[in-house]
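# Chain and residue survey
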Amino acid sequence: MSESSKFKSSNLNATPTLQCKDLHEYLKSRSSQFLENLYNYPTICLAVYRELPELARHFIIRLLFVEQPVPQAVVASWVTQTHAKEQNKACEALSELSVWHEAPIPGGLPGWLLAQSFKKNLKVALLGGGRPWSMSQTLEPDGKARDITFLDAYALERWECVLHYMVGSQQTEGISADAVRILLHAGLMTRDAEDGSAVITKAGFQFLLLSTAKQVWLFLQHYLQTAEKRNLSSAECLAFLYQLSFSTLGKDYSTEGMSNNMLVFLQHLREFGLVYQRKRKAGRFYPTRLALNITCVRDGVAPLEAKRTQGYIVVESNYRLYGYTQSTLQVALLGLFTELMYRFPNLVVGVITRESVRQAFRGGISAEQIIKFLEQHSHPQMLKTESGGIRTTSVLPPTVVDQIRLWESERNRFTYTEGVVYNQFLSQADFVVLRDYARAQGVLSWQNERTRTMVVTRSGHDDVKKFWKRYSKSS
C-alpha cells in the first residue's frame, strides 16, 4: 500500500475575507503583557468595559469594590440556568481580555479576581480622580475656530487621498510616505515586480468596500503594529485614540503636556485626517469625525455620519446603475463591479453584468459586500421605489440582489478538501479493513473498491497511518 498527498487545498475560488477586528477581537490577539500595560490608561478600561457583553459588565460592577477573590460558584449563582450560555460567553470574554483571572480562596476553591490595574483605572474612568487628560487644558477662544462642516470636509479630503492612491487615481497629491508604508504592510497594496510601483491587492479591493469607520480602524490597527519601529508605544497610541473618541466634535483641545512621542503621533493622525491642526506648532487641535467613529466598527453600532452625506446610487431592475456623483473616487469604486457606459459632469451610467461582477469576485470582493455597498449608498429616491409587491428587506430590486448571489454561487460548485490518497493495496482484504476503519473514524473522504483507492482527510491521516502499521505487524 502506498500513500500520497494528491488532494491539496488549492481552491482557486476561495478568497480569504478581509477581517476588520473590533476592539475586543484586536485585544484578544495581543499578549497579556501588552494588555497589562494598556489597562494603565482609564480611557482604554472604559472602552473595553463598554464593548463587553451586558452580563460581563454586570459582573465587573459587582466585583469592582471587592478586594478579595469571589468563589466562581457564587458568580455562577448570579445567573439563572436559562441564561447559562450567556454566562459562559461573558466569562470567556473577561478571561480572554485578562480583565479577571482565577485566584484560589481559603479552602482551595477556585475564585475570580479583577485585574488590579483594570479595576483601579476603571474606577477612575467611572468615578473621576486620577491625573487629568493631557488634552484637557483650558484654552483661550480660537480666533480662527473651525466649525463641524469644515472639519468634515477636511477629514473627507485627507482620507480620500489614501483611497485615491489605492485605486490608482490621478488625485493622489498629499498622501504621505508613511501612509503608503502602512498600506504595503497591511497587504492592501504590493510592489509590482516589474516597475516597483504600488498596486492594489485582493485584500485592498475588499477594503475599498468597507464603511469609512471600518477602513480607518483597520488602517490604524496596522499602524499600531508598526508603532515600535517609530519609537512609539502602541499602548500609549491606542489609549490616545480612544481618548479622542470620547472628545466632542467641533471643540478644540490643547497639546500642552503631551509628550514628544504623542506630538509625533498627533502629526500622523493629522496626515490621515483624524485631527485638524492649523500648524504643526499650534497649541490646539480639533478631532474630526473619523477619530470619533473608531468605536463604531461593530455591526449594529451606527457611526456619527455627516449631515451632508447621502446616497448617490440608483439601481433599476434591468441591472442599470446610475451614480449621481462628481467624485472620481466614487466612480472608481463603482467600476470595481460595474461595466461603466457613459460619463457626464454629474452622472455616471453603468450596467451590472455577469462578467463585471465575476471580475469583482476574482478580485476578492464577495456578493454580500457588493450588495451592502449598494444599499449603504442608495439614493434617497430608492427608498420610495416599489418592489412590485415582493417582500424584501433591501432597498435594491430583488432580481438584482438574487442574481448577484447566483453569479457568486456559480463559482462555488466544487468544494476542495485537503486529503491523503491510499492506493496500491496488496489484497482486497487489506483495503476493506483500512477503509472500514477510516469510515468508522469519520475521516474517509472518498473510496473506490474496484481500484482499491481511498482518500482520508489530512487531519485523520496520522491516526489511519498508525492503525495500518499496527495491522501490518499483526498480520
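Quick look at the structure, then. What you see is a predicted model; the values in this text were computed from it and never measured.

## Regarding helix 12 (residues 234-245)
With 12 residues, helix 12 should reach 16 Å at 1.5 Å per residue; the first-to-last C-alpha distance of 17 Å fits that figure. The buried fraction of helix 12 is high, at 11 of 12 residues. Ser234, Ala235, Cys237, Leu238, Ala239, Phe240, Leu241, Tyr242, Gln243, Leu244 and Ser245 are the residues of helix 12 that are buried.

## Brief notes about the pattern of salt bridges
Counting across every chain of the model gives 14 salt bridges. When the shortest N-O distance is used, the salt bridge between Arg289 and Asp152 registers 2.7 Å. Of the two residues, Arg289 is situated in helix 14 (residues 289-292) and Asp152 in helix 8 (residues 148-166); the sequence distance between them amounts to 137 residues. Residue classification places Arg289 among the buried residues on the basis of a relative accessible area of 13%. Judged by its relative accessible area of 11%, Asp152 falls in the buried class. With a closest N to O distance of 2.8 Å, Arg405 and Glu368 form a salt bridge. Residue Arg405 is found in helix 18 (residues 398-410), and its partner Glu368 is found in helix 17 (residues 367-376); the two are separated by 37 residues along the sequence.

## Side note on the sheet that holds strand 2 (residues 70-71)
Strand order in the open sheet made by the three strands is 2-4-3, with antiparallel pairing throughout. At either margin of the open sheet sits one strand with a lone partner, and together these are strand 2 and strand 3 (100-104).

## Overview of the pairing of strand 12 (residues 339-344)
Here five bridges tie strand 12 to strand 13 (residues 347-351), and the two strands are oriented antiparallel to one another. Counted as the bridge partner of Phe344 is Leu347 from strand 13. Where strand 12 hands over to strand 13, the hairpin turn is made up of two residues, counted between the paired strands.

## Section: the environment of Gln215
Positionally, Gln215 belongs in helix 11 (residues 212-225). A relative accessible area of 2% means that Gln215 is categorised as buried. C-alpha of Gln215 to C-alpha of Ile294: the two residues are 79 residues apart in sequence and 9.4 Å apart in space. Apart from residues no more than four positions distant in its own chain, Gln215 is found in contact with Trp159, Leu163, Phe207, Leu208, Leu209 and Leu210. Among the polar contacts made by the side chain of Gln215, one reaches the main-chain carbonyl oxygen of Leu210 at a distance of 3.4 Å.

## Observations concerning the packing of helix 3 (residues 42-51) against helix 7 (residues 116-127)
Running from N to C, helix 3 and helix 7 point in directions that differ by 90°, and their axes come no closer than 8 Å. In terms of their interaxial angle, helix 3 and helix 7 are classed as roughly perpendicular. Each of Pro42, Cys45, Leu46, Val48 and Tyr49 in helix 3 lies in contact with helix 7, whose residues at this interface are Ser117, Phe118, Asn121, Leu122, Val124, Ala125 and Leu126. Class assignment of the residues belonging to the contact of helix 3 with helix 7 gives a composition of 10 nonpolar, two polar and no charged.

## Thoughts on the side chain of Gln369
Within the element layout of this structure, Gln369 appears in helix 17. Those residues within four positions of Gln369 in sequence are excluded, and the remaining contacts are Gln206, Leu209 and Gly364.

## What about a nonpolar patch on the surface?
There is a patch of nonpolar side chains on the surface, built from Ile61, Phe65, Leu126 and Leu127 and spanning about 400 Å² of accessible area. Relative to the helices and strands, Phe65 resides in the loop between helix 4 (54-63) and strand 2. According to the relative accessible area criterion, Phe65 is exposed, its value standing at 53%.

## Re the sheet that holds strand 11 (residues 320-323)
Taken in spatial order, the four strands make up an open sheet running 10-11-13-12, and their pairing is antiparallel. A single partner strand is all that each edge strand has here, and the edge strands are strand 10 (313-315) and strand 12. Going from strand to strand, the sheet's axes swing by 20° on average, the running direction of each strand aside. In terms of strand pairing, strand 10 meets strand 11 through three bridges, oriented antiparallel. Note on strand 11: the bridge partner recorded for Ile313 is Gly323.

Each value, and the rule that gives it
- Every residue gets a number counted from 1 within its own chain, in the order that chain's sequence is written.
- For a predicted model such as this one, the threshold for reporting local features is a pLDDT of at least 70, and the threshold for listing and counting side-chain atom pairs is 80 or more; totals across whole chains, interfaces and linings nevertheless cover every residue.
- Remark: hydrogens and water are excluded; side-chain values derive from all non-hydrogen atoms of the structure.
- Per the convention used, a helix needs a DSSP run of H or I reaching at least four residues, while a strand needs a run of E reaching at least two, with both numbered from the N terminus.
- The span you would expect from a helix comes to 1.5 Å times its residue count less one.
- Summary of the burial criterion: residues with accessible area below 20% of their type's maximum are buried, those above 50% are exposed, and those between are partly exposed, where the area comes from a 1.4 Å probe applied to protein chains only.
- A pair is scored as a salt bridge if a Lys or Arg side-chain nitrogen falls within 4 Å of a carboxyl oxygen belonging to Asp or Glu.
- Strands qualify as paired when DSSP identifies two bridges or more between them.
- Working rule for contacts: check all heavy atoms of both residues, and any pair within 4.5 Å makes them a contact.
- By the criterion applied in these results, polar contacts are pairs of N or O atoms within 3.5 Å in which, for protein atoms, one can donate a hydrogen and the other can accept it, and in which residues neighboring in sequence qualify only through two side-chain atoms.
- Convention adopted: a line fitted to C-alpha atoms gives each axis, helices being fitted over their contacting stretch, and angles between N-to-C directions are expressed from 0 to 180 degrees.
- Note on angle classes: values under 35 degrees are labelled roughly parallel, values over 145 roughly antiparallel, values of 65 to 115 roughly perpendicular, and the remainder oblique.
- Polar here means any residue outside two lists: the nonpolar Ala, Val, Leu, Ile, Met, Phe, Trp, Tyr, Cys and Pro, and the charged Asp, Glu, Lys and Arg; Gly therefore counts as polar.
- Patch members must show over 30% relative accessible area and no salt bridge, and they are joined within 9 Å when carrying like charges or within 5 Å when they are nonpolar side chains of Val, Leu, Ile, Met, Phe, Trp or Tyr.
- The accessible surface values rely on the Shrake-Rupley method and a 1.4 Å probe; as for residues, cover is taken only from the protein chains in view.

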